[in-house]
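# A look at the structure
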Amino acid sequence: MEGALLHPDRLLPADPATRQLARGLYQSVEALPIVSPHGHTDPKWWGENPAFTDPAALFVTPDHYVTRMLTSQGVSFEALGIGENCERDSRRIWQTFADHYYLFAGTPSRIWVDDALARLFGFSKRLGPDTANEIYDAIAELLPKPETSPRALYDRFGIEVIATTDSALDDLSYHAMARDSDWNGRVVPTYRPDSVIDPDVRDFAENLERLAEVSGCDTNTYDGYLDAHRARRAAFKAMGATATDHGHPTPQTTDLPYAEACALYERVRSGNPNAGDAELFRAQMLTEMARMSLDDGLVMQLHSGSLRGHSAKVQRDYGPDRGFDIPVPVSFTEALRPLLNAVGMDPRLTLILFTLDETTYARELAPLAGVWPCLRLGPPWWFHDSYEGMRRFREMAMETAGIYNTVGFNDDTRALCSIPARHDVARRVDSGWLAEMVVTHRIDECEAYDIARLLAHDLAMKAYRL
Amino acid sequence: MEGALLHPDRLLPADPATRQLARGLYQSVEALPIVSPHGHTDPKWWGENPAFTDPAALFVTPDHYVTRMLTSQGVSFEALGIGENCERDSRRIWQTFADHYYLFAGTPSRIWVDDALARLFGFSKRLGPDTANEIYDAIAELLPKPETSPRALYDRFGIEVIATTDSALDDLSYHAMARDSDWNGRVVPTYRPDSVIDPDVRDFAENLERLAEVSGCDTNTYDGYLDAHRARRAAFKAMGATATDHGHPTPQTTDLPYAEACALYERVRSGNPNAGDAELFRAQMLTEMARMSLDDGLVMQLHSGSLRGHSAKVQRDYGPDRGFDIPVPVSFTEALRPLLNAVGMDPRLTLILFTLDETTYARELAPLAGVWPCLRLGPPWWFHDSYEGMRRFREMAMETAGIYNTVGFNDDTRALCSIPARHDVARRVDSGWLAEMVVTHRIDECEAYDIARLLAHDLAMKAYRL
Amino acid sequence: MEGALLHPDRLLPADPATRQLARGLYQSVEALPIVSPHGHTDPKWWGENPAFTDPAALFVTPDHYVTRMLTSQGVSFEALGIGENCERDSRRIWQTFADHYYLFAGTPSRIWVDDALARLFGFSKRLGPDTANEIYDAIAELLPKPETSPRALYDRFGIEVIATTDSALDDLSYHAMARDSDWNGRVVPTYRPDSVIDPDVRDFAENLERLAEVSGCDTNTYDGYLDAHRARRAAFKAMGATATDHGHPTPQTTDLPYAEACALYERVRSGNPNAGDAELFRAQMLTEMARMSLDDGLVMQLHSGSLRGHSAKVQRDYGPDRGFDIPVPVSFTEALRPLLNAVGMDPRLTLILFTLDETTYARELAPLAGVWPCLRLGPPWWFHDSYEGMRRFREMAMETAGIYNTVGFNDDTRALCSIPARHDVARRVDSGWLAEMVVTHRIDECEAYDIARLLAHDLAMKAYRL
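The rules behind each value
- Numbering of residues starts from 1 in each chain and follows the order in which that chain's sequence is written.
- Naming scheme: in the order in which they are written, chains are lettered from A and ligands are numbered from 1.
- Reporting in this predicted model follows two pLDDT cut-offs: at least 70 for local features of residues, and 80 or more for side-chain atom pairs to be given and counted; totals over whole chains, interfaces and linings ignore these cut-offs and use all residues.
- Computation of side-chain values covers all heavy atoms of the structure but excludes hydrogens and water.
- UniProt positions are given in the numbering used here, feature names are shortened, and annotations may be inferred rather than shown by experiment.
- Two residues form a contact once any of their heavy atoms are found within 4.5 Å.
- Summed over both partners, buried area is the accessible surface (1.4 Å probe) that two parts give up on being assembled.
- The working definition used for a salt bridge is a side-chain nitrogen of Lys or Arg within 4 Å of a carboxyl oxygen of Asp or Glu.
- Definition of a polar contact: a pair of N or O atoms within 3.5 Å, with one able to donate and the other able to accept a hydrogen when the atoms are protein atoms, and with sequence-neighbouring residues admitted only if both atoms are side-chain atoms.
- Only DSSP runs of H or I reaching four residues or more are called helices, and only runs of E reaching two or more are called strands; each is numbered from the N terminus.
- Any residue that is not Ala, Val, Leu, Ile, Met, Phe, Trp, Tyr, Cys, Pro, Asp, Glu, Lys or Arg is counted as polar, Gly included; the first ten are nonpolar and the last four charged.
- The superposition of copies rests on a least-squares fit of C-alpha positions from residues with pLDDT of 70 or more in both.
- By nonpolar core we mean a set of buried residues, namely Ala, Val, Leu, Ile, Met, Phe, Trp, Tyr and Cys, connected to one another through side-chain atoms within 4.5 Å.
- Residue exposure (1.4 Å probe, protein chains only): buried if accessible area is under 20% of the type maximum, exposed if over 50%, otherwise partly exposed.
- The pairing test for Phe, Tyr and Trp rings, Trp by its six-membered ring, is centres within 6.5 Å, and the orientation test on the planes gives stacked under 30 degrees, edge-to-face over 60, and tilted for anything in between.
- Helices are assigned an expected span. That span is 1.5 Å times one less than the residue count.
- For two strands to be treated as a pair, DSSP must find at least two bridges joining them.
- These domain limits were set by an automatic method or by a database of domain assignments.
- One fitted axis covers the seven residues ending at a residue, a second covers the seven starting there, and the bend at that residue is the angle between these axes.

Per an unreviewed UniProt entry, chain A is named Uronate isomerase, and its organism is Celeribacter halophilus. Turning to chain A, the UniProt record has this under Pathway (unreviewed entry): "Carbohydrate metabolism; pentose and glucuronate interconversion." Its UniProt record gives chain A a comment under Sequence similarities (unreviewed entry), which states: "Belongs to the metallo-dependent hydrolases superfamily. Uronate isomerase family."

What follows is the structure, given as structure tokens:
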């Protein structure tokens, strides 16, 4: 049930003939299973299947898209249930969200929340000051019920497979619980080793010690450290992982001679780095990770270009992921060259690139992915995972990269209820884009149907080796 | 009267249903009062209300958009009445303009001039070689009349308030004359201290001396210098100012310890700067200006990213503002961090950002304004104050920044007759954009009407504290 | 005959009224002669008029757009007939191309190949695994016939003039053969001196010696070296050249004092450069080339921003121009300033700028070309020579640069059969853009017809002084 909140033609092109075509394309992919190969859902949901506690905890407090917009208009973190001495009353947090919901006009968050309220909870009125209580009550009543548990939502959403993103130090116990349960959902971990690769991370030295413990390898030497990664990757793979993910400030790579790499590791391990060593070590490790992928077949993802914790005060008082991560300019051409020259022609490697700097779409990423056999382009990421952002990606990257060098959609979310909405937005935008291609006779109509299915489902399965 | 020059549906979307909606939205804001919180009209116009002298002086000579296009096609500055030994015959300058008016096809200047000729002077024929004389005569006849005086135009244009941009050294006497007259127009100054903040400005040392004189503060010390700013800001505020404006080559900020800031000031004041000191001092002063804004409530504007005087010869022989200011790449994320970490969470601060590098819209400015409570996004500036430029701004910035973190429109002009045309273009483009949002069901129709009014009027009043 | 492969309305806008207008505009320019002032056709074709050997050699092996896409999906260079021990059977190469032709959906290559197969060879079925043989046979049968020879194609395509791009060391003998033949085609060379200007080029020292030989000037001194350029430019001009072309990594220019320039030349000539000398010498030579253009009237073209040979292995094993040239960020504002301040106001100079970094369109190139009398904007280049790329160029550059500061279209191709397709795409996209300008009342309909003709034909003739 969609109700008045969601128009059946939403996000489809304005021109009537193009809309008609887009509608047909969308209908052909609307109900395909959801493939979610990259995201941040909590493994505990899948392992323990706990009920969600309250509407604010589900929709407001953990969603940095929501909290950042409210922050920008002067709402305090405390009023959103964040920080010491914060508001604890979920209903009051919810009312604050509702009072400011008008701020989201024209943003992706509004689409995602409207969609969840309409399709998941059956509302036909928009959230606002006057509807806040009514909606709160209805959601609060549903949350304890079995059909609103994480696993039930997975099934209701039609998810075929979902990947979480997990620290290299994680014991994957929740994944084991999900696997060993009688539930049939497919949940796989993703190897994200930033905390043991980035010397700028707090507790880096301690993390290396923990890595030694969980891997059983001696991380006091570079060889042992690399073995530890191999061991952890194998453990992730055994639990179903098909991919790694690397969140780096820049896409810089390098390929140092062995002795230099050993010496570099010793400096960063012992806490005596030279200037530039942290960046150099991250760069070296991207190439090492790519080499390991040749052996174990894990697909590699690179997310770069975000300056984390732009506000030192917010970082200190309210923690990370509060909306204060801001993109910076990046360039891939020179940065990726060492890694690519080392292993880029090897057919065993898949490296999926993501960017927050859209200037790289047409200038660098499409030309790179359009020639290097290992490279694929990830979908629009973070702030660009939106109607306009997705259109820009298609318009700027596809002519040079080619559709087959992309990997479908990632919802990339920690907000469970937004998953179907996000995939739905992507399917609608892509259907509209394909319809425009047909109307302007750049592709045939029957091709468009094939490609719609690729974008909505098949390319993700293939690229992530799921 | 618009005549054949201006189509009533100009700049509205092509799709018939979308155009119908856009027309309704436009009609709802078409006649709203003009709020002009940032621009470069001559305060003398408002203080003395002098008649304009001739058509060329009104439309050609001072308009760098006009002169730059003619220069690009080989017309000399002299032929446009600029420089030593230049053409003095206004009619001949006008004829040169008319002969080359075809060059402006598809440019904002053509829209602005057509609009002024049609709506202000009642012409229904376009300017060209054959109509030049007829149009010249008609304008020349009207200029001496009272209804064509600056204050009469202010009233005819439906201006509610207009801000000028004024040197920190200005005595604001024209503003006083306007205020003390029996005219009811609201003209406010804006504090623009570049000439006493930028050590690279010619006569910087002399300007500091003049600052001491006009402020009564000793500018030989950093404390006295800061006090001089406080005094001048207070004087501007007393004359109605609600904002400051800062035109810097880059958006770099810093927040030096007091002793370092004093030493830096001493070096730039005494003409003995180290390499990088000029940039560092400008950076430091942006943070100091922000701190003063906490106290006096003046809204802060930052315009950066233009390399002024790209041609040394033109700068020398024909002066500044001749069209030879060319944008350079900028990045805000790192640059603004010191200022923002110093005062960015303080609810008393409003800092409005402008860019000439559109790559920063989606990558940096929208993410920044979408979270920092002090930040607001200024409208498309300078070369981007155009049909396509405004559309790009909406499409690239709104999904992440949110509409409420913008400040409506600035005409930013020194060409009085272009003011209604510029606001009209903005209202049309925004109506078209909103109509497309409605047709694709991203916002509701009633919301679009509310937002249209915000964009055309209310957001500017609120953001600039008018 | 276009057949089912090409829709008559392809690439025209979706909105029916706009399409109707666009169709009229397109029909008015569809049959205009082709002006091709910049490209890479083989002079031998024009001088000797040899028959093309086989379909793969015509469409696959030399086309880096084609090979790069196949490489990106794991097809080996060998399978495409490139490299030692490569496939020699043209039919099998063709089959590989056909088997992977689906990869080109939505790319410019698909449009170009479809167009050539339909309009030149009369096919109505698309290339694919099942049609490969049939199409191969038909083309192979046609290639030996006189009407498929290069000169016959020139005539059939309606080319008015075509420029090749030629090394400064080339003896232009093929141009002489074409000139001296009884064929009436107009083929002119373009002076491309990169191999004797760029110290990073392999065999630079040897090239300088050859330059001395072919010019009769002593290249052991800077003066002699500059004279050698003058002599070669004169020889090119005598053979019909109207332009030079410079392919530089960056657009950096400089204007060194004479003694410094001499010393710099001595260092690069003798193979003892300091760090940065190669870039500095290229920068100096751009200004020297501009100065020579003042004297001899050759129009100057600057193509910059490509990092050549991104894969060292591909460069080594398969040579240059294999699709591994990747753009990097560039900025023109500071880089061009020395050259422009030296000669930029001289009415004798025309300097046409090309970019692979689209961020420079609105930020730098349009503002620069919209004021400097010597500057003109080249059309979208390389990866941007596409439906979306051309639209972005129009939308981002025209409002500030002005239509008259552009130079029409370049096909820039080494693929002879793609020439009419490429010009046709440009004419369609421009017709659509102009129609949208008319429908939104930014230009008048009659103006649009005039401008369509300028863009399709006249501006190129004028800018290149043809």
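Additional details are given in the paragraphs that follow.
Often, the extent of an interface is quoted as the loss of accessible area on bringing the components together. Counting from both sides, the interface comprises 41 residues of chain B and, opposite them, 49 residues of chain A. Across the chain B to chain A interface the summed buried area is about 3600 Å²; carbon plus sulfur atoms make up 57%. Taken as a group, Arg 363, Glu 399 and Arg 442 of chain B account for 20% of the area that chain B buries against chain A, more than any other trio of residues on that side. Summed over the shared surface of chain B and chain A, the result is 5 salt bridges. One salt bridge in this structure joins Arg 126 of chain A and Asp 444 of chain B, with 2.6 Å as the shortest N-O distance. There are 24 residue pairs in polar contact (both at pLDDT 80 or more) connecting chain B and chain A. Of all the secondary structure elements, the ones that give two or more residues to the side of chain B that touches chain A are α16 (337-343), α17 (359-369), α18 (387-401), α19 (419-439) and α20 (445-463) of chain B. For the side of chain B that touches chain A, the element with the highest residue contribution is α17 of chain B, accounting for 8 residues. In terms of residue class, the side of chain B that touches chain A is built from 19 nonpolar, 11 polar and 11 charged.

Right, let's talk about the relation of the copies chain C and chain A for a bit. Rotating chain C by 120 degrees and translating it 0.0 Å along the rotation axis places it on chain A, where the RMSD comes to 0.0 Å. Here the two chains are linked by the operation of a three-fold rotation axis. Among all residues of chain C, the one whose C-alpha sits closest to the rotation axis is Asp 15 of chain C, at a distance of 3.5 Å. The residues that chain C uses at the interface reappear at the interface of chain A in only 4% of cases, marking distinct surfaces.

Membership of the largest hydrophobic core comes to 132 residues, with the highest contact counts inside it found for Phe 59, Trp 94, Phe 97 and Leu 117 of chain A together with Tyr 225 of chain B. When sequence neighbours within four positions are dropped, the list of residues in contact with Phe 59 of chain A reads Val 66, Trp 94, Phe 97, Ala 116, Leu 117, Phe 121, Ile 139 and Cys 417 of chain A.

A complete count under the given rule lists 117 salt bridges over all chains for this structure. Notably, a salt bridge pairs Glu 447 of chain A with Arg 126 of chain C, separated by 3.8 Å at the nearest N-O pair. Here Arg 126 of chain C lies in the loop between α6 (108-120) and α7 (132-142) and Glu 447 of chain A lies in helix α19 (residues 445-463), a pairing that spans two chains. By relative accessible area, which is 15% here, Glu 447 of chain A ends up buried.

Attention now goes to the packing of aromatic side chains. Each aromatic ring pair is characterised by the separation of its centres together with the angle its planes make. This structure, assessed with the given rule, holds 78 aromatic pairs over all chains. With centroids separated by 5.9 Å and ring planes inclined at 65 degrees, the aromatic side chains of Phe 59 of chain A and Trp 94 of chain A adopt a geometry described as edge-to-face. Placement of Phe 59 of chain A in helix α3 (residues 55-59) and of Trp 94 of chain A in helix α5 (residues 90-99) is noted, with a sequence separation of 35 residues between them. For Trp 94 of chain A, a relative accessible area of 1% gives the class buried. When the ring of Trp 46 of chain C is compared with that of Tyr 154 of chain C, the centres are 5.7 Å apart and the planes differ by 75 degrees; the resulting orientation is edge-to-face. Here Trp 46 of chain C is found in helix α2 (residues 43-48), whereas its partner Tyr 154 of chain C is found in helix α8 (residues 150-157), with 108 residues between them in sequence. Residue class for Trp 46 of chain C comes out buried when judged on its relative accessible area of 0%. Look at Tyr 154 of chain C and you get buried, because its relative accessible area is 2%.

Turning our attention to helix α19 (residues 419-439) of chain C. Here α19 of chain C contains 21 residues, and its C-alpha end-to-end distance of 30 Å stays within 8% of the 30 Å for a straight helix at 1.5 Å per residue. The first or second residue beyond α19 of chain C is His 441 of chain C, which carries a positive phi of 60 degrees.

So, about the sheet that holds strand β2 (residues 159-163) of chain B. Across the sheet, 3 strands lie side by side as β1-β2-β4 (chain B); this open sheet has parallel pairing. Of all strands in the sheet, those with a lone pairing partner are β1 (34-36) and β4 (187-188) of chain B, marking the two edges.

What follows concerns the sheet that holds strand β2 (residues 159-163) of chain C. Strand order across the open sheet formed by 3 strands is β1-β2-β4 (chain C), with parallel pairing between neighbours. Here the strands that pair on one side only, and so sit at the sheet edges, are β1 (34-36) and β4 (187-188) of chain C.

Let us look at the domain arrangement of chain A. Residues and elements named next belong to chain A. As assigned here, chain A comprises domain 1 (3-50 + 148-463) and domain 2 (51-147). For domain 1 versus domain 2, the distance between C-alpha centres works out to 27 Å. Across the contact, 39 residues belong to domain 1 and 36 residues belong to domain 2. Both faces considered, domain 1 and domain 2 share a buried interface measuring about 3100 Å² in area, 65% of it formed by carbon and sulfur atoms. The largest per-residue losses of area from domain 1 upon contact with domain 2 belong to Leu 5, Thr 148 and Arg 322, which jointly make up 25% of the total buried on that side. Taken together, domain 1 and domain 2 are joined by 1 salt bridge.

So, about the interface of chain C and chain A. At the junction of the two partners, chain C supplies 49 residues and chain A supplies 41 residues. Buried surface at the junction of chain C and chain A, both sides included, amounts to about 3500 Å², of which 57% is carbon and sulfur. Applying the counting rule to chain C against chain A returns 5 salt bridges. For the interface between chain C and chain A, the tally reads 24 residue pairs in polar contact (both at pLDDT 80 or more). Of all the secondary structure elements, the ones that give two or more residues to the side of chain C that touches chain A are α1 (16-29), α4 (64-72), α6, α15 (312-318), β9 (326-327) and α18 (387-401) of chain C.

Here we take up the relation of the copies chain B and chain A. Placing chain B over chain A gives an RMSD of 0.0 Å and needs a rotation angle of 120 degrees, together with 0.0 Å of translation along the axis. Looking at the interface residues of chain B, only 5% of them are also at the interface in chain A, so each copy uses its own face.

Turning our attention to the side chain of Thr 242 of chain A. All names here are of chain A. For Thr 242, the position within the fold is in the loop between α11 (222-238) and β6 (243-248). Within the local environment of Thr 242, its side chain forms a polar contact with the backbone oxygen of Tyr 464, the two atoms lying 2.8 Å apart. Residues in contact with Thr 242, not counting those within four places in the same chain, are Pro 189, Gly 297, Leu 298, Val 299, Tyr 464, Arg 465 and Leu 466.

A bend of about 55 degrees at Leu 455 of chain A is the largest found in α19 of chain A. Within two residues after α19 of chain A, Arg 465 of chain A carries a phi angle of roughly 55 degrees, on the positive side.

Take the environment of Ile 451 of chain C next. Note that Ile 451 of chain C resides in helix α20 (residues 445-463). Residue Ile 451 of chain C is classed as buried on the basis of its relative accessible area, which comes to 2%. Separated by 198 residues in sequence, Ile 451 of chain C and Thr 253 of chain C place their C-alpha atoms 33 Å apart. When neighbours within four sequence positions are excluded, Ile 451 of chain C is seen to be in contact with Ala 105 of chain B together with Ile 403, Leu 434 and Ile 443 of chain C.

Here the focus is unusual backbone geometry. All names here are of chain A. Backbone geometry at Leu 11 places phi at a positive 70 degrees, although glycine is not the residue there. Assignment of secondary structure puts Leu 11 in the segment before α1 (16-29). Given the relative accessible area of 3%, Leu 11 is considered buried.

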